[in-house]
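# Understanding the architecture of this molecule
Letter by letter, the chains look like this.
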Protein chains: 4
Amino acid sequence: MPEPGDGIAALRTELAALHRMLVDSGLVVWTAGNVSARAGDDAFLIKPSGVPYEHLTPDSMVLCDLEGKPADGEQLKPSSDVFAHAYVYRHRPDVGGVVHTHSTYATAWAARGEPVPCVLTAMADEFGGEIPVGPFALIGGDEIGRGIVETLDGHRSPAVLMRNHGVFTIGADARAAVKAAVMCEDVARTVHLSRQLGEPQPMDAADIDRLYDRYQNAYGQ
Amino acid sequence: MPEPGDGIAALRTELAALHRMLVDSGLVVWTAGNVSARAGDDAFLIKPSGVPYEHLTPDSMVLCDLEGKPADGEQLKPSSDVFAHAYVYRHRPDVGGVVHTHSTYATAWAARGEPVPCVLTAMADEFGGEIPVGPFALIGGDEIGRGIVETLDGHRSPAVLMRNHGVFTIGADARAAVKAAVMCEDVARTVHLSRQLGEPQPMDAADIDRLYDRYQNAYGQ
Amino acid sequence: MPEPGDGIAALRTELAALHRMLVDSGLVVWTAGNVSARAGDDAFLIKPSGVPYEHLTPDSMVLCDLEGKPADGEQLKPSSDVFAHAYVYRHRPDVGGVVHTHSTYATAWAARGEPVPCVLTAMADEFGGEIPVGPFALIGGDEIGRGIVETLDGHRSPAVLMRNHGVFTIGADARAAVKAAVMCEDVARTVHLSRQLGEPQPMDAADIDRLYDRYQNAYGQ
Amino acid sequence: MPEPGDGIAALRTELAALHRMLVDSGLVVWTAGNVSARAGDDAFLIKPSGVPYEHLTPDSMVLCDLEGKPADGEQLKPSSDVFAHAYVYRHRPDVGGVVHTHSTYATAWAARGEPVPCVLTAMADEFGGEIPVGPFALIGGDEIGRGIVETLDGHRSPAVLMRNHGVFTIGADARAAVKAAVMCEDVARTVHLSRQLGEPQPMDAADIDRLYDRYQNAYGQ
C-alpha cells in the first residue's frame, strides 16, 4: 500500500486500482461513485467528473487542494462531489481516504432515512454499532461534507448513509475507505434480507464493544 | 463516440459495443433487448431479430428507413421492435438513440403499472422526476412507439415503463440511451428495495429541479 | 446448431457448451442441473452424475437408450435424473432436448406449489400462458417424467415447476430447452419482484394468444 | 482431490483453490471467510488472518496444531477463527474440512435465529432436514467451536447457522465442506424467496429420509 511519501505517482496508480474494486464489487454503475486519497498535507487526489470507470488511468485522477480547487496543470475537472471530500479532509486530519457510492442496499436504507441496526458480528467488527443516517443535503458546497463529519462524530462507524442519496465512507487511507464501502453494502444487504421475514435479534452493547475492540486491535497480520 | 458524419461503419461498431454493454450490465437475457442509433437524416441502425448477443458483429446491424424498412442489401431481418424505434425517430428529431430492455426491476414496476417515484438524488439527476408508465400496447405497428412518445411528452425522464412489457429509453445518441437504461434499472431496484421495508422519504420538487439542472448542465467534462 | 445427422460427436460438443451456458446464466450451482439431447431415434446424451461443470467435456456426456440405460462402452454413470429425461423422450417424440435446474426464483414458486401467472409480454411470447406446477415426485423411476409429461399436456409452456423440487424444460432441441430454462428463471424473478409490492396487472387471454402466435411464427431470422 | 498422504504441499494448493471457489461463488467479501483442511492426525491448514483472497498462495496457508497454535516456521498469523476450527477437529475425528462464511441469505436467517426449514428436494439431498441454528458465541476461545459441535450433534446437516454471525460447515474433506457452504447459501436463498410470497409446502419426513439416503449413497460416480 503506497504512502504519500512514495510520491503522487504511486497514489495515482493505487487510486485507479481502487476504482476498479468499486466496479468489481458491484457498488457502482456508470460513473456514479468515486474514491479520493489524501496526498500530503494540503492536497488530495480524486476521480474526474463523469469519466467512465473503464477509461480511468492513474493520470486521469485530479489533484486538488483542500478547498477542492484543481492544481495547476490538471486537464480534467474533478468529481462534482469534490467539495464534500475536501470538507472531510479539512475537518478530519485522521482521514486519508474517502469513498462515495450509491450502492443499492445501503441507498435503500438511506432513502427511508433509517440507520442499519447492528445485529451482525461482522457489523460490530467493522462499524462498532449502527450505520447512522446523515441529513439531506444538496451537492456543490459544504453542506454534504458538513453532514458527513457531524454525523460520524459520535459514531464508531466509518460509513454514513446520506438521506435520499447514498453512502460516504472514510478510512485511514483510501483502501480502508473502500473496505468500509464494501462492508457497508454487505451488511446493509444482509440486515435488509433478514428483516424481510421478521426481526433480527438484537446484540448486547457489551458484546458489540468486545467484538469491535478485538477486530480493530487483534485482527490481521 | 462516433457521429453520423463518421460514416455508417463507425456507427455499426459502436452499436455492437453498446449491445455488449447491455449484456455486461445484466439488463438483458438471451435475445430480449435491443439498441438502435439514428444514421443520418432518414435512417437508423438496429439489432437483427433473434440473434444472440454473442453472435452480433458490426455487419449484423440492420440499416432501416424511418418506416422500419430494411435498406437494400441488408441480409438480416431487423428486430421485431423496429416499428417502435422507427416511430420514435420520426416524431422526436432530438432523439439519436433508442434502447429497449426487459430489465428485471424496471419490468417489475411495469407489470404493476406503477411509476418509479423520484426519491433519490441520482433519479433527480438523470430523470428529473418519476419514471412514468406508458400504455399496454401490442408489438408490430405504431402502437408501442406512440405510447412511448406520448408518455415521455410532459416528462423529463428519458425512460418509460411500458405496461406488462418493459423499458424503452431515448437519448441524444445511442450511448446516452444505454446510460438511461442502466440508470433506470439501478434506481428501479434501489427504490423497490427501499419500499420493501417502509416508505422512502419524498423529495421536494424544488430540490429535484436543482439537481436535474446541475447534472444536465454542469456534470462531466 | 448440430443436428443428430451430424453425428454424435457434434452433439456431445454442443451439449458440453450448453452446460456452460447454464453456469454462465446463473441457473445452477455445484452439480445440480443437467441438459440432455436426443441422439437419433432411440437414444439421448446426458450429463454424467455428480461431475462438476468445469470438468465436463464432450466425451464425458453419457449416451443412453430411451429407458435410461447407458450404451455399451460408456465409462461414466448418467445423471440420476436420467429416468425423467428418458420418460419425456419416450412419450414426446417432438422433444429433442430436456433441461433440469433448481434455478432460484422458479424453485421458490415450486416450493409454494404456485404457478407463475402470465403478466408479461415476454411470458406470452415464450410460454403462451402461465408456467404450470407439476406434482411432488421422488427421483429414480418414472414418477418425475410422468409428472412432467402430464402437466405440460394442455399447456403451451415448455417449462414445468415440479413441486418442492425445481424446473424441467423441453424444446425441439437442447438449445431451445436451455432457452426455456433461461427465460423461465427470468420471468419467475420479474413476476416475483412485481408481486412483492402489489399485484401485477392481468393480461387479456386474446393478447396472450396474439403475442404467442407472433413470437412462435414471425420472430427471428 | 489430494489426500493428506499426498503431503502438505498438495493440501496447501487445494486449500488456496478452495478459497478461490468461495470468492467465485459469491459467498465472501473482502477477507470475511475461511477454509481449513485436516493435515494428518494432529494438525490442520487454515487461511491466514486478514489477507485478501487475491493475495492467497499455497504458502500463505498456516499449519496449526489441534489447539490452533501455528507450527514452528509459519510466518503468518492464522485466521482469528482458528480456535473454532481447532475445536471441531478435536471433537469430530470424522471431519476433514471446515468452512466459515457470512454468506448473505444464510446469515440473514442466522440474524433472526431461525433455522432454514427443509422444503426442497435439494435440501433433503444435502442436509437431510433443516439447517439448524447454533448459539450466539464470541470469537477467540472454544465457545464457537463448542456451539458448532453441539448443534450439529443430532442433525444430519453439515451446516450450522451461528446466531447473529454466519455459517460454519463441515465435511469429510475441505472440498465437501465448501460444497456444503455453497449449497447452504443456495437453499437459504431459495427458501427465503419462497417465503416472501407465502408458505412453502412442507415435505414428509419419510420422503426427506429417502432422498437423503439415495443422495448420500447412490449419487455421483
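Just so it is clear, the structure is predicted and the values come from calculations on it, not from any experiment. Chains are numbered independently. Their residues run from 1 in the order of the written sequence. Written order decides the labels, with chains lettered from A and ligands numbered from 1. Only residues with pLDDT of at least 70 get local features here, since the model is predicted, and only at 80 or more are side-chain atom pairs given and counted; chain-wide, interface and lining totals rely on the full set of residues. Excluded from the side-chain calculations are hydrogens and water; all other atoms, namely the structure's heavy atoms, are used.

Attention now moves to the overall build of chain A. When its secondary structure is counted, chain A shows 7 helices and 7 strands. Secondary structure counts use DSSP, requiring at least four H or I residues in a row for a helix and at least two E residues in a row for a strand, with both numbered from the N terminus. Its helices and strands taken in sequence order, chain A reads α-β-β-β-α-β-α-α-β-α-β-β-α-α from the N to the C terminus. Taken over C-alpha atoms, the radius of gyration is set against a globule rule of 2.2 Å times the number of residues to the power 0.38. The C-alpha atoms of chain A give a radius of gyration of 17 Å, which matches the 17 Å a tight globule of 221 residues would have. Burial here depends on accessible area, computed with a 1.4 Å probe over protein chains only, as a share of the maximum for the residue type. Under 20% is buried, over 50% is exposed, and the range in between is partly exposed. Here chain A, with 221 residues, has 63% of them falling under the buried criterion. We call two residues contacting when some pair of their heavy atoms lies within 4.5 Å. Long-range pairs, those at least 24 residues apart, make up 63% of the contacts in chain A between residues at least 6 apart in sequence.

A few words now on helix α7 (residues 205–218) of chain B. Residues and elements named next belong to chain B. Here, expected helix span is obtained from the residue count minus one, scaled by 1.5 Å. Taking 1.5 Å per residue as the helical rise, α7 with its 14 residues ought to reach 20 Å, and the 20 Å between its terminal C-alpha atoms agrees with that figure. Listed as buried for α7 are D207, I208, L211, Y212, R214 and Y215. Burial along α7 is one-sided: seen end-on, the buried residues are contained in an arc of 165°. α7 presents A205 and N217 as exposed residues on the side facing more than 90 degrees away from its buried surface. Looking at the buried positions of α7, the neighbouring elements they touch are α4 (121–127) and α6 (174–196). Just beyond α7, the residue with positive phi is G220, at close to 85°. Working note: the arc is built from the helix axis to C-beta atom directions.

A word on the relation of the copies chain A and chain D. Each copy is superposed on the other by least squares, with the fit set by C-alpha atoms of residues at a pLDDT of at least 70 in both. Superposing chain A onto chain D requires a rotation of 90° together with a translation of 0.0 Å along the rotation axis, leaving an RMSD of 0.0 Å. Classification of the inter-copy transformation places it as that of a four-fold axis. Considering only C-alpha atoms, the part of chain A nearest the rotation axis is Q196(A), at 5.3 Å. Mapped onto chain D, only 3% of the interface residues of chain A are again interface residues, and the two copies thus contact each other with different surfaces.

Taken from the UniProt record, the annotation "domain: Class II aldolase/adducin N-terminal" (unreviewed entry) applies to residues 13–192 of chain A. Overall, residues 13–192 of chain A shows 37% helix and 17% strand. The separation of its end C-alpha atoms is 35 Å. UniProt positions are given in the numbering used here, feature names are shortened, and annotations may be inferred rather than shown by experiment.

Here we come to the packing of aromatic side chains. Aromatic rings considered in pairs are described by the distance between their centres and by the relative angle of their planes. All names here are of chain C. The aromatic pairing rule takes the rings of Phe, Tyr and Trp, using the six-membered ring of Trp, and pairs them if the centres are within 6.5 Å, calling planes under 30 degrees apart stacked, those over 60 edge-to-face and the rest tilted. The tally for this structure, following the rule as stated, stands at 4 aromatic pairs over all chains. With 4.8 Å between their ring centres and 35° between their planes, F44 and Y89 make a pair best called tilted. Pair noted here: F44 is in strand β2 (residues 43–46) and Y89 is in helix α2 (residues 82–91), with a separation of 45 residues, a long-range link. The same class applies to F44 and to Y89, which are both buried.

This part is about the side chain of D81(D). With respect to the element layout, D81(D) can be found in the loop between β3 (62–65) and α2 (82–91). No salt bridge is formed by the buried D81(D), whose closest oppositely charged neighbour, R214(A), lies at an N-O distance of 6.6 Å. In this view, D81(D) contacts N34(D), H100(D), I139(D) and F168(D); residues no more than four positions away in its chain are not counted. Counted as positive: Lys and Arg. Counted as negative: Asp and Glu. His and the chain ends are not counted at all. Counted as salt bridges are all cases of a side-chain nitrogen of Lys or Arg within 4 Å of a carboxyl oxygen of Asp or Glu.

Of note in the backbone geometry, W30(B) takes a positive phi value of approximately 50° without being a glycine. With respect to the element layout, W30(B) can be found in the loop between α1 (8–24) and β1 (33–38). Phi angles above zero are rare outside glycine, and N164(D) is one such case at about 55°. Here N164(D) shows up in the loop between β6 (159–162) and β7 (166–171).

This part is about the relation of the copies chain C and chain B. Here chain C sits on chain B after a turn of 90° about the axis and a move of 0.0 Å along it, with an RMSD of 0.0 Å. In this assembly the copies use different faces: only 3% of the residues contributing to the interface of chain C also contribute to that of chain B.

Residues and elements named next belong to chain A. Across the 6 residues that make up strand β1 (residues 33–38), a large majority, 6, are buried. Burial of β1 is two-sided: the residues G33, V35 and A37 facing one way and the residues N34, S36 and R38 facing the other way are all buried. If DSSP finds at least two bridges between two strands, the strands pair. Summarising the sheet, β1 and strand β4 (residues 97–101) pair through 5 bridges and their orientation is antiparallel. If you follow G33 over to β4, its bridge partner there is T101. Both β1 and strand β2 (residues 43–46) contribute to a ladder of 3 bridges, which runs antiparallel. What sits directly across from A37, in β2, is L45.

Looking at chain A next to chain C, you find no contact at all, with the nearest C-alpha pair sitting 11 Å apart. In this view chain B stays clear of chain D, with the nearest C-alpha atoms of the two still 11 Å from each other.

What follows concerns the sheet that holds strand β4 (residues 97–101) of chain C. Residue and element names in this part refer to chain C. Read across the open sheet, the 7 strands follow the order β3-β2-β1-β4-β7-β6-β5; overall the sheet is mixed. The open sheet is flanked by β3 (62–65) and β5 (133–134), the only strands paired with a single partner. Here 4 bridges tie strand β6 (residues 159–162) to strand β7 (residues 166–171), and the two strands are oriented antiparallel to one another. Among the inter-strand pairings, L161 is bridged to a residue of β7, identified as V167. Throughout, an axis means a line fitted to C-alpha atoms (over the contacting stretch in the case of helices), and angles, computed between N-to-C directions, take values from 0 to 180 degrees. Taken strand by strand, helix α1 (residues 8–24) contacts β1 (33–38), β2, β3 and β4, and its axis lies near 155° from that of β1. Docked against the sheet, helix α6 (residues 174–196) engages β1, β4, β6 and β7, running at close to 140° with respect to β7.

On inspection of all chains with the given rule, the structure shows 48 salt bridges over all chains. Two residues, R112(D) and E114(D), come together in a salt bridge whose shortest N-O distance is 2.7 Å. For R112(D), a relative accessible area of 6% corresponds to the buried category. The closest approach of N and O atoms between R210(D) and D207(D), which form a salt bridge, is 2.9 Å. Of this pair, R210(D) and D207(D) are both found in helix α7 (residues 205–218), 3 residues apart, which corresponds to roughly one turn of the helix. Ionic contacts of the salt-bridge type, sharing partners, join the residues R112(A), E114(A), R195(A) and E199(A) into one network.

Right, let's talk about the interface of chain C and chain B for a bit. Taken together, the contacts link 31 residues of chain C with 28 residues of chain B. Two parts placed together each lose some accessible area under a 1.4 Å probe, and adding up what both lose gives the buried area. Counting each side, the surface lost to burial between chain C and chain B is near 2800 Å², with a carbon and sulfur contribution of 58%. Counting the surface chain C buries against chain B, the share from its top three residues, L197(C), Q201(C) and Q221(C), is 25%. Put simply, chain C and chain B have 0 salt bridges between them. Within 3.5 Å is the distance limit for a polar contact, defined as a pair of N or O atoms, with the added protein rule that one can donate a hydrogen and the other accept it, and that residues adjacent in sequence qualify only through two side-chain atoms. Run the count over chain C and chain B and you get 17 residue pairs in polar contact (both at pLDDT 80 or more). Elements represented by at least two residues in the side of chain C that touches chain B include exactly α4 (121–127), α6 and α7 (205–218) of chain C. Sorting elements by how many residues they give to the side of chain C that touches chain B places α6(C) first, with 11 residues. Lys, Arg, Asp and Glu make up the charged group, whereas Ala, Val, Leu, Ile, Met, Phe, Trp, Tyr, Cys and Pro make up the nonpolar group; the residues left over, Gly among them, are polar. When its residues are assigned to classes, the side of chain C that touches chain B shows 15 nonpolar, 8 polar and 8 charged.

The next subject is the confidence of the model for chain A. Scored between 0 and 100, pLDDT is the confidence that the predictor attaches to each residue. Scored by pLDDT, chain A has a mean of 95; 97% of the residues are at 70 or more. Reported for the predicted complex are a pTM of 0.96 and an ipTM of 0.95.

Turning next to the interface of chain A and chain D. With 31 residues of chain A in contact, the opposing surface of chain D contributes 29 residues. Roughly 2800 Å² of surface becomes buried between chain A and chain D when both sides are summed, with 58% attributable to carbon and sulfur atoms. For the pair chain A and chain D, the number of links is 17 residue pairs in polar contact (both at pLDDT 80 or more). Where the side of chain A that touches chain D is concerned, the elements lending two or more residues are α4 (121–127), α6 (174–196) and α7 (205–218) of chain A. With 11 residues, α6(A) is the largest single contributor of residues to the side of chain A that touches chain D. When its residues are assigned to classes, the side of chain A that touches chain D shows 15 nonpolar, 8 polar and 8 charged.

Residue and element names in this part refer to chain B. Pairing is mixed in the open sheet, where 7 strands are placed in the order β3-β2-β1-β4-β7-β6-β5. Edge positions in the sheet fall to β3 (62–65) and β5 (133–134), since each of these pairs with one other strand and no more. Across the sheet, α6 touches β1, β4 (97–101), β6 (159–162) and β7 (166–171), and the angle it forms with β7 is around 140°.

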